[in-house]
Each structure stands twice: as structure tokens, then as C-alpha cells.
Amino acid sequence: MPNWLLPEYIADVLPAEARKMEDLRRVVLDNFRLYGYELVITPMLEYLESLLTGAGQDTELNTFKLIDQLSGRTMGIRADMTTQVARIDAHLLNRRSITRLCYAGSVLHTRPAGLQATREPLQIGAEIFGHAGLEADAEIQDLALASLKVAGISGVCLDLCHVGVLKSLIAEDTKAKSCEADLFGLLEAKDMPSLTDLTAKFDPVTRKALLALPGLYGDDKVIASAREVLPPYPGITKALDEIEFLSRAADCGSVTIDLADLHGYHYHSGVMFAAYVPGLPNAVARGGRYDHVGEAFGRARPATGFSMDLRELARLLPSANPKRAICAPWGNDEALCSKIKELRNSNEIVIQGLPDDDHLQDEFEFDRQLVRDEAGNGNWILKNLR
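Now for a quick tour of the structure. (Residues numbered from 1 in each chain as written. Predicted model: local features only at pLDDT ≥ 70, side-chain atom pairs only at ≥ 80, totals over all residues. Heavy atoms only, no water.)

Quick word on the overall build of the protein chain
Rule in force here: Helix and strand assignments come from DSSP, with helices taken as H or I runs of at least 4 residues and strands as E runs of at least 2, each series counted from the N terminus. Partly exposed describes any residue whose relative accessible area lies between the buried limit of under 20% and the exposed limit of over 50%, with all areas from a 1.4 Å probe on protein chains only and scaled to the type maximum. In this analysis, two residues are considered to be in contact whenever any of their non-hydrogen atoms come within 4.5 Å of each other. Computed with the Shrake-Rupley method and a 1.4 Å probe, the accessible areas treat only the protein chains shown as cover for residues. In summary, the charge assignment counts Lys and Arg as positive and Asp and Glu as negative, without counting His or the chain termini. For charged residues, the charge sits on one atom: NZ in Lys, CZ in Arg, CG in Asp, CD in Glu.
Check the secondary structure of the protein chain and you find 14 helices and 16 strands. Counting only residues that meet the buried cut, the protein chain has 47% of its 386 residues in that class. The contacts of the protein chain with a sequence gap of at least 6 include a subset with a gap of at least 24, amounting to 66%. Total accessible area on the protein chain is roughly 20300 Å²; 52% of this is exposed by carbon and sulfur atoms. In the protein chain, the 41 positive side-chain charges and the 55 negative ones have mean positions that sit 2 Å from each other.

Below you can see the structure in the form of C-alpha cells.
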């Protein structure tokens with residue numbers, strides 16, 4: 001096997017793409033700061049029980065595991081950073097007030113999320129801890145949409161769902177409750193034949209509602225339809241009220257509601273959302289409420305947040321134009337060195353040509369050149385190359 005061959009769905013990022021990703025990271029983190037979110041940096045490795053606390057089965061299957069040579073305990077390479085940030089809020093910061101945190105870093109997955117997905121996403125996201133109200137969900141939703149906008153992503157469609165609908169339905173039917181995992185899979189796949197067979201012995205009210213869920217998809221009119229066909233359980237009424245509020249608050253091109261879209265069902269505890277753009281099957285951002293995660297760290301703090309993959313966002317954007325740069329000769333002339341330093345201090349890119357190197361770097365557009373002043377005063381001046 002060639003030494004340069006990388007594992008499947010793992011790839012290097014070359015200069016032009018890396019610059020796009022880094023520019024995105026900076027602009028999104030700067031946008032987070034405008035909303036008052038503080039940056040935290042979490043470790044790549046943690047003990048498995050801490051890393052997977054409250055994260056659900058999907059995260060466990062996606063986590064690479066290894067043995068720590070110092071302690072002999074099983075460790076995991078983070079597949080998601082949300083639980084780590086919840087641990088920081090609950091155990092390290094231990095604030096009584098509302099806390100806003102954000103993060104950015106690589107995560108590693110055992111399997112890709114799709115055919116074109118990487119197993120090493122560059123995850124960036126934000127979380128609010130300490131507020132159980134719908135206002136926090138609205139802020140996170142607004143931040144996610146604003147972050148996509150500043151990143152240059154347009155044509156965003158926001159998709160809303162709520163775990164409270166399914167949880168309330170099966171809570172009233174013991175047979176349905178015992179089939180929760182199967183129901184989740186069939187609803188997510190919208191597999192109506194199998195769903196019809198599975199629910200045959202359920203309570204008629206529960207069965208009718210479950211069979212209606214896959215069809216409850218579309219614009220805000222879905223809310224009215226859902227109120228008609230679903231039983232008026234308090235949990236369902238509350239879930240529909242919250243979805244309706246957030247759909248009206250969304251500042252984006254379009255909003256859809258899909259009451260059978262249960263991605264993250266085992267992890268989230270309330271409203272869930274996903275942002276899509278034309279031409280891409282996967283969501284570019286996902287988020288929602290997850291109030292139970294902090295319990296294992298000693299504090300049951302309400303929480304809501306979202307995350308995005310900067311690699312995927314970068315692929316959606318056009319190739320970046322080459323950066324304007326100044327070429328300069330190699331030399332130890334004091335005036336030359338002083339002029340180069342002055343230009344770099346003013347945020348100009350200055351690249352000195354090394355001896356016997358006539359090639360210019362592809363990533364830069366050299367539109368100026370540093371030359372000695374012909375007046376003979378020893379100064380160095382900029383000469384336009386166009």
C-alpha cells in the first residue's frame with residue numbers, strides 16, 4: 001500500500017480549500033461573539049463514560065475507542081463536542097447564571113454520514129445553558145441562521161420537528177412504548193407498510209396518530225392539520241405551540257415542518273431543527289434542546305444549541321479568489337527588510353523570492369513588486385505589475 005494513501009473518507013485539505021475553511025471559522029466565531037458566546041476548547045480524547053454521557057446510541061456507534069496506556073481505562077475520540085461543552089458548563093464553570101458557549105474543532109466518526117461526507121468533520125457550534133424557555137431556542141435558531149448568512153450560504157430552508165410529539169403518543173400506550181426504537185426507525189424512514197404492520201395491535205387512537213405522522217410535512221399549515229388529527233395530549237399541544245412560535249420567528253427563505261423527522265430523537269428533549277440548502281441532501285446545520293445531558297455531571301441544566309460542519313459549508317462556496325500579494329527580492333539590505341516589515345504590519349502579504357526560485361505560488365496574485373527606487377536614495381518602493 002502506498003505510504004501516501006489515506007483511510008477511506010479521510011482527506012487532506014489543500015491550501016485554497018483550507019483558506020476558505022479558516023476564513024469561515026473566523027467569520028462564524030466572530031458572529032458568535034457578537035451574540036455574547038464565549039469560546040471554549042475541548043480535548044480530542046476523554047474517558048468513554050464521560051464522552052458518551054447522554055449522547056445516545058448514534059454517537060456511541062460513531063466513536064472510535066482505544067485503551068489509555070496510563071490508566072488502562074477505555075477512552076474515546078470525540079465524535080461530537082456538545083456533551084463536552086455541557087460538562088464544562090456543569091462541572092468546571094458551575095455558574096448560576098445563563099451561560100453562552102461556543103466551540104470549533106475536528107471530530108472523528110467511525111463511519112461517514114453520507115456518500116460524500118467526511119469522517120473528520122470540522123465542527124463549529126454554540127450552546128445556551130441555564131434557560132428552559134422558548135426564548136433560548138429562538139435565539140439559537142436565529143444564531144444558526146445568521147451564521148449561515150454571514151458564511152455566505154443562501155437559499156436556506158429551516159425544517160422543524162419536536163420529540164414531544166412521539167414521546168407523548170407512546171406514553172399513553174404501553175405496547176407502543178415497548179416498540180419505541182422500532183417506531184423511531186420506521187418514522188424516520190417513512191416506511192408506511194412496516195409502520196402499518198407494527199402498529200396493528202396498538203391502541204386505535206395511538207395507531208391513527210402514528211400513521212398520520214409521516215404525512216404531516218409541509219409549510220406552517222401542517223400545524224393546523226396536526227391539531228386536527230393528533231390527540232390533544234398536553235405534551236403534543238405544547239410541542240405544536242413551540243413549533244408554531246419558532247416557525248414564525250425564523251428569518252430565512254422558507255420553513256417546513258416534518259413531524260416524522262426524528263434525527264437526534266434519543267439525544268434531544270424538545271424542539272429540533274435542521275437547515276438545508278438546494279442541491280445538498282444533508283443538513284448544513286442541526287440543533288435543538290437537550291435538557292438532560294448535564295445530569296450526569298451533577299447539574300441538570302436546561303440546554304439548547306446547534307452545530308455545523310465547516311468542511312461541508314466550504315464545499316458549498318465558490319473557489320476563493322487568489323489573495324493580492326507583493327513579491328520582493330531576497331536580501332539582507334536593511335532598508336529592504338524595514339520596508340517588508342512595514343508592509344506586513346499594515347496587513348499586506350509580502351513574499352520574498354528565494355534564490356534560484358522563479359515560480360510564484362498559485363494561491364496568490366502578485367500585482368505589485370518591491371523594487372529599489374531609481375532615484376538612488378536607497379529606498380524601496382512598490383511597482384505595479386499590471
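There is more to say after this.
Digging into helix α12 (residues 234-249)
Keep this limit in mind: Take the number of residues in a helix, subtract one, and multiply by 1.5 Å to get its expected span.
An ideal rise of 1.5 Å per residue puts 22 Å on 16 residues; α12 measures up with 23 Å between its terminal C-alpha atoms. Buried residues belonging to α12 abut α5 (134-150), β7 (157-162), α6 (163-171), α11 (221-229), β9 (254-258) and β10 (271-276).

What about the nonpolar core?
Put simply, the rule reads: Buried residues of nine kinds, namely Ala, Val, Leu, Ile, Met, Phe, Trp, Tyr and Cys, make up a nonpolar core once their side-chain atoms join them within 4.5 Å.
Formed by 71 residues in total, the largest nonpolar core has its most connected members in Phe32, Leu148, Leu213, Leu230, Leu259 and Phe306. Per-element accounting of this core gives the leading share, eight residues, to α5. Phe32 has contacts with Tyr37, Cys102, Ile124, Gly125, Ala126, Leu143, Ser147 and Phe306, leaving out every residue within four places of it along the chain. Counting residues in each nonpolar core, the second largest holds 13 residues, with Val40, Val85, Tyr103 and Ala303 among its members.

Thoughts on the packing of α11 against α12
Where we set the bar: Axis angles are defined between N-to-C directions and span 0 to 180 degrees, where every axis is a line fitted to C-alpha atoms and, for a helix, only to the segment in contact. For this classification, under 35 degrees means roughly parallel, over 145 means roughly antiparallel, 65 to 115 means roughly perpendicular, and everything else is oblique. Any residue that is not Ala, Val, Leu, Ile, Met, Phe, Trp, Tyr, Cys, Pro, Asp, Glu, Lys or Arg is counted as polar, Gly included; the first ten are nonpolar and the last four charged.
At a closest axis distance of 10 Å, the pairing of α11 and α12 adopts a crossing angle of 170 degrees. The angle between α11 and α12 places the two elements in the roughly antiparallel class. Mapping the contact onto sequence places Ile223, Ala226 and Arg227 in α11 and Thr237, Leu240, Asp241, Ile243 and Glu244 in α12. Residues of the contact of α11 with α12, tallied by class, amount to four nonpolar, one polar and three charged.

Focus: helix α8 (residues 180-189)
Turning to α8, its buried residues are Glu180, Leu183, Phe184, Leu186 and Leu187. Looking at the buried side of α8, the elements it contacts are α6, α7 (174-178), α9 (192-198) and α10 (204-212). Positive phi appears at Lys190, one or two residues downstream of α8, with a value of about 55 degrees.

Thoughts on the pattern of salt bridges
Side chains that differ in charge, positive against negative, can pair when their charged atoms come close. Our working definition: By definition here, a salt bridge exists when the distance from a side-chain nitrogen of Lys or Arg to a carboxyl oxygen of Asp or Glu is within 4 Å.
Counted under the stated rule, the structure contains 26 salt bridges. One salt bridge in this structure joins Arg248 and Glu244, with 3.0 Å as the shortest N-O distance. Taken together, the positions of Arg248 and Glu244, both in helix α12 and four residues apart, correspond to about one turn of that helix. By relative accessible area, which is 67% here, Arg248 ends up exposed. For Glu244, a relative accessible area of 23% gives the class partly exposed. Taking the shortest distance from any N to any O, the salt bridge between Arg368 and Asp367 comes out at 3.1 Å. Residues Arg368 and Asp367 agree in their burial class; the two are buried. Linked through salt bridges whose partners overlap, the residues forming this network are Arg227, Asp241, Glu244 and Arg248.

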